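Residue-level listing of the chains:
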Amino acid sequence: MRLRNKPGAEEKLLEYDQYVVAKPDEWKGKWQDRFEKKQPLHMEIGMGKGRFLIEMAKQNPHINYLGIELQTSVIVSALEKQIEEDLPNVQLLQVNAQDLKTYFEKGEVQRIYLTFSDPWPKNRHEKRRLTYKDFLISYETVLDDQGELHFKTDNQGLFEYSLISFSEKGMILKELYLDLHNSDVEGNIMTEYEEKFSKKGNRIYKTVAYFPEQD
Ligand code: SAH
């Protein structure tokens, strides 16, 4: 995501600590207490400006949504949407997804969304891709047994890489769309990037995958 400095963004994130988690390590194993109701916890990693997260939360009040984003200048746009909506089932978290296991207990999460993750096309940056095997290991840890990973991108290279990475980790594909916007899927909610890239004519790929249960 292109970064512009937003004056006052850091102060705003601190000011609205009812929406933006200030000390994420203190919530490990207790994320349900951050929300009004105890109900399934879904997280979006790299939520950017938060349109998908906020819209999903509005449509699914029986799910708690946690938006994770690294960059101050974009998480603040998600915060602005949440200030407007004041949804009881949305919380925002500014951390690096690399550290998920520091902040979440085993099996604490029911679903993870990866939406238009940075492709990092150079081989030497493979480890930064959010579908690199080390990330999959943390997703497997924090997801519960029925937990799912939902992944959407317009980047064919990243999509193919990710399918191989999922397969090497023994994940099972539940759904696969090679052209999501021309499939008979109802109720797809577009992210900011999804709208931008599909307007340019890019195809949108999606898969839903899960880890087999260990015995
Ligand atoms: N999901 C949004 C934004 C996609 S851009 C949309 O579809 O519109 C990818 C986003 O992932 C960027 O905002 C970037 O800051 C964030 N990101 C990349 N690596 C991350 C990481 N390791 N942890 C948290 N966020 C990350």
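See the structure printed just above.
Residues numbered from 1 in each chain as written. Predicted model: local features only at pLDDT ≥ 70, side-chain atom pairs only at ≥ 80, totals over all residues. Heavy atoms only, no water.

1. Here's the deal with the pairing of strand 3 (residues 90-93)
- Residues V90 and L92 of strand 3 are buried on one face, and the alternating residues Q91 and L93, pointing to the opposite face, are buried as well.
- Relative to strand 3, strand 2 (residues 64-68) is paired through 4 bridges, and the arrangement is parallel. In the sheet register, L66 faces strand 3, and the bridge partner there is Q91.
- A crossover connection joins strand 2 to the parallel strand 3 through helix 3 (residues 72-85); in handedness this β-α-β unit is right-handed. (Buried < 20%, exposed > 50% of the residue type's maximum accessible area, 1.4 Å probe, protein only. Helix = DSSP H or I, 4+ residues; strand = E, 2+ residues; numbered from the N terminus. Pairing = 2+ DSSP bridges. Right-handed = clockwise from strand over helix to strand, strands pointing away.)

2. Topic: the site of the ligand
- By nearness alone, 19 residues border the ligand, and G46, E69, N96, T115 and T191 come closest of all.
- Between the ligand and E69, the relevant distance is 2.5 Å, taken from an oxygen atom to a side-chain nitrogen or oxygen of the residue.
- E192 has a polar backbone atom sitting 3.4 Å from an oxygen atom of the ligand.
- If the ligand stood free it would expose 570 Å²; the protein chains cover 95% of that surface.
- A breakdown of the residues in the shell around the ligand according to their chemical character gives 9 nonpolar, 6 polar and 4 charged. (Near = heavy atom within 4 Å. Polar contact = N/O pair within 3.5 Å; in protein donor to acceptor, adjacent residues only side chain to side chain. Areas by Shrake-Rupley, 256 points an atom, 1.4 Å probe, with all protein chains shown as cover. Nonpolar A, V, L, I, M, F, W, Y, C, P; charged D, E, K, R; others polar.)

3. A closer look at the pattern of salt bridges
- If you walk through the whole model with that rule in mind, you get 12 salt bridges.
- Where K58 meets E85, a salt bridge forms, and the shortest distance between an N and an O atom there is 3.2 Å. Residue K58 is located in helix 2 (residues 51-59), and its partner E85 is located in helix 3; the two are separated by 27 residues in the primary sequence.
- According to the relative accessible area criterion, E85 is partly exposed, its value standing at 34%.
- Of the charged contacts, one joins E192 and K81 as a salt bridge, the two residues approaching to 3.0 Å between their closest N and O atoms. Here the residue E192 occupies a position in helix 7 (residues 192-199), and K81 occupies one in helix 3, the gap between them amounting to 111 residues.
- Among the residues examined, E192 registers a relative accessible area of 22% and is labelled partly exposed.
- Classification of K81 by relative accessible area gives partly exposed; the value is 27%.
- When salt bridges that share partners are traced, they join K6, K12 and E80 into one network. (Salt bridge = Lys/Arg side-chain N within 4 Å of Asp/Glu carboxyl O.)

4. Here we look at unusual backbone geometry
- The backbone phi angle of D86 is positive, close to 50°, even though this residue is not glycine.
- One can find D86 in the loop between helix 3 and strand 3.
- Residue classification places D86 among the partly exposed residues on the basis of a relative accessible area of 48%.
- One non-glycine residue, W120, lies in positive phi territory at about 40°.
- Looking at W120, the relative accessible area reads 28%, which means it is partly exposed.

5. Examining the pairing of strand 5 (residues 143-153)
- The buried fraction of strand 5 is high, at 8 of 11 residues.
- Pairing of strand 4 (residues 109-115) with strand 5, which is carried by 6 bridges, proceeds in the parallel orientation. If you follow I112 over to strand 5, its bridge partner there is L149.
- With helix 5 (residues 133-142) bridging strand 4 and the parallel strand 5, this β-α-β connection has right-handed handedness.
- Bridging between strand 5 and strand 7 (residues 205-210) involves 6 bridges; their strand directions are antiparallel. Within the sheet, the bridge partner assigned to F151 lies in strand 7 and is T207.

6. Some details on the nonpolar core
- Counting residues in hydrophobic clusters, the biggest one holds 34 residues, and the most contacted among them are M43, I45, F104, I112 and Y139.
- Core analysis: the next-biggest nonpolar cluster, separate from the first, contains 21 residues, F52, A78, Y113 and I189 among them. (Core = buried A, V, L, I, M, F, W, Y, C linked by side-chain atoms within 4.5 Å.)

7. What about the sheet that holds strand 3?
- Here 7 strands make up an open sheet; going across it, the order is 3-2-1-4-5-7-6 and the pairing mixed. The sheet is open, and its two borders are formed by strand 3 and strand 6 (172-177), each paired with just one other strand. Between one strand and the next, the sheet's axes are offset by a mean angle of 15°, whatever the strand orientation.
- Direction of pairing for strand 6 relative to strand 7: antiparallel, over a ladder of 5 bridges. Considered in strand 7, the bridge of L176 is made with T207.
- Set on the sheet, helix 5 makes contact with strand 1 (41-45), strand 4 and strand 5; between it and strand 5 the angle comes to about 135°. (Axes fitted to C-alpha atoms, helices over the stretch in contact; angles between N-to-C directions. Contact = heavy atoms within 4.5 Å.)

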